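Descriptive analysis of the structure
As a plain string of letters, each chain reads:
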Number of protein chains: 2
Amino acid sequence: MGELLNKNLSALIDIKKEEIEKFESFLIKRTVSKKQNLLNHGSVCRFVAFINKGCLRSYSVDANGIEHITQFGVENHWIADLYSFLNQTPATLNIEAVEDSEVLLLDFSNLEKLYKSIPGLERYFRILFQNAYTSTQRRLNSTLSISAADRYNELITSYPELIRRVPLIHIASYLGITPESLSRIRKRL
Amino acid sequence: MGELLNKNLSALIDIKKEEIEKFESFLIKRTVSKKQNLLNHGSVCRFVAFINKGCLRSYSVDANGIEHITQFGVENHWIADLYSFLNQTPATLNIEAVEDSEVLLLDFSNLEKLYKSIPGLERYFRILFQNAYTSTQRRLNSTLSISAADRYNELITSYPELIRRVPLIHIASYLGITPESLSRIRKRL
């Protein structure tokens, strides 16, 4: 089911074949067509999703109806409304497929069981959360301290592929600027 | 050395007395006077610091000389430039004591050793990073999508104590606004 996930796990932790098989037995495969939602704001996020194929985005909608993108996720990454998942409270985010996608879903109670039976998973998710935390902290710092043009440059340098896969309207939303401002920034480059 | 840390560990994981003693044997106690730096931008962050007493802040300084606060830390919390610590690269943040403080420092190579000899620490730091990640993600979302006045309200509701302990100039910097804007917000309340 999850050759990519298998490699992803093995790259970070020592994990036995039987443990990978056990982990995989708890996953549910799901396809999500482009523009279809995997999670709707207001419902509880019952899963973390490993992206086998495709690209998804998580986003909130503010009081003025403006979308703010929290995360883009492509193959070999996880996506969720983690706060909703961990607290089992209604999601503040939507998760939508930007391309036709295939995900492997792991639900809350199963993950708690798996932490107990495969202790290596504590290390695996410790490393994932640690990396996600530092990159979110750096994004927050950039948002507060550098210009949108510099943030756009950082983004295309770090994730050149994203620009080819994601509509510019979503890139603008991720940077916290209007599509018109993004057009001006791109013209000046 | 670390009664508070002892309780902090025991609240999150099952940990034996010998393991706590081992953990503590790797910690170095340090006092930091008010306004003194624990970490300087440009030097490698060699430690994560558990705050036994006091209050510290981590912050960056942008090209215009303006400070942006990444984190406040009080007793019973950890503080570091985590990206610098994990990658052992020069810090982009400074860490300064807001009050006379006492910290317990754990260095990079010792933490890696401790993960191997006390496996429960993987769970402990998995939970800490997971919580830090979700709260940073929520702060980023608020920064992008709600007004400074609403963010100020969120902050004083979640951390009422902070306002009493931290100068308003730092609260403004944390919110990404000028001290004058913060004054106007506070007058309107």
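Keep in mind that this is a model prediction, so the values were computed, not measured.

**A word on the sheet that holds strand 1 (residues 28-32) of chain B**
Picture the strands of a sheet paired through backbone hydrogen bonds; they go either parallel or antiparallel. Residue and element names in this part refer to chain B. Taken together, four strands build an open sheet; the order of strands is 1-8-3-6 and the sheet is antiparallel. Two strands lie at the open edges of the sheet, namely strand 1 and strand 6 (78-79), each paired on one side alone. One ladder, built from six bridges, connects strand 3 (residues 47-53) with strand 8 (residues 101-107); its direction is antiparallel. From the neighbouring strand, F50 faces strand 8, where its bridge partner is L104. The strands touched by helix 4 (residues 108-117) within the sheet are strand 3 and strand 8, with strand 8 carrying the most contacts at an inclination of about 65 degrees.

**Let's talk about the relation of the copies chain A and chain B**
When chain A is fitted to chain B, the residual RMSD is 0.0 Å, and the transformation amounts to a turn of 180 degrees plus an axial shift of 0.0 Å. The transformation just described matches what one would write down for a two-fold rotation axis. Looking at the interface residues of chain A, 100% of them are also at the interface in chain B, so both copies use one shared face.

**Here we look at the interface of chain A and chain B**
Taken together, the contact pairs 28 residues of chain A with 28 residues of chain B. At 18 residues, helix 5 (residues 120-145) of chain A tops the list of elements feeding residues into the side of chain A that touches chain B. Residue classes in the side of chain A that touches chain B are distributed as eleven nonpolar, eleven polar and six charged.

**Here's the deal with the pairing of strand 3 (residues 47-53) of chain A**
Residue and element names in this part refer to chain A. Across the seven residues that make up strand 3, a large majority, six, are buried. The pairing of strand 3 with strand 6 (residues 78-79) spans two bridges and is classified as antiparallel. Bridging across to strand 6, A49 finds its partner in I79.

**Section: the confidence of the model for chain A**
Per-residue pLDDT for chain A averages 95, and the proportion of residues at 70 or more is 99%. We note a pTM of 0.94 for the whole complex and an ipTM of 0.94 for its interfaces.

**As for the pairing of strand 8 (residues 101-107) of chain A**
Remark: a regular strand shows side chains that alternate across the two faces of the sheet. Pairing geometry for strand 1 (residues 28-32) of chain A and strand 8 of chain A, over five bridges, is antiparallel. Looking at strand 8 of chain A, one finds that A:I28 is bridged to A:L105.

**Looking at the nonpolar core**
A:A49, A:A80, B:A49 and B:A80 are the most contacted members of the largest nonpolar core, which has 90 residues in total. Both domains that furnish three or more residues to this core are identified here as domain 1 (3-130) and domain 2 (146-189) of chain B. Residues within four places of A:A49 in sequence aside, it is in contact with A:L38, A:W78, A:I79, A:A80, A:V103, A:L104 and A:L105.

**Details of the sheet that holds strand 2 (residues 37-39) of chain B**
Residues and elements named next belong to chain B. Overall, antiparallel pairing links the four strands, which are arranged 2-7-4-5 in an open sheet. The sheet terminates laterally at strand 2 and strand 5 (67-74), the two strands that pair on one side only. Within the sheet, the average angular offset between the axes of one strand and its neighbour, ignoring direction, is 30 degrees. Examined bridge by bridge, strand 4 (residues 55-61) and strand 7 (residues 94-97) share four bridges and lie antiparallel to one another.

Conventions and cut-offs
Residues numbered from 1 in each chain as written. Chains lettered and ligands numbered in written order. Predicted model: local features only at pLDDT ≥ 70, side-chain atom pairs only at ≥ 80, totals over all residues. Pairing = 2+ DSSP bridges. Helix = DSSP H or I, 4+ residues; strand = E, 2+ residues; numbered from the N terminus. Contact = placed C-beta atoms within 7 Å. Axes fitted to C-alpha atoms, helices over the stretch in contact; angles between N-to-C directions. Least-squares fit on C-alpha atoms with pLDDT ≥ 70 in both. Nonpolar A, V, L, I, M, F, W, Y, C, P; charged D, E, K, R; others polar. Buried ≥ 20, exposed ≤ 12 C-beta atoms within 10 Å, placed from the backbone. pLDDT = per-residue confidence, 0-100. Core = buried A, V, L, I, M, F, W, Y, C linked by C-beta atoms within 7 Å. Domains from an automatic or database assignment.

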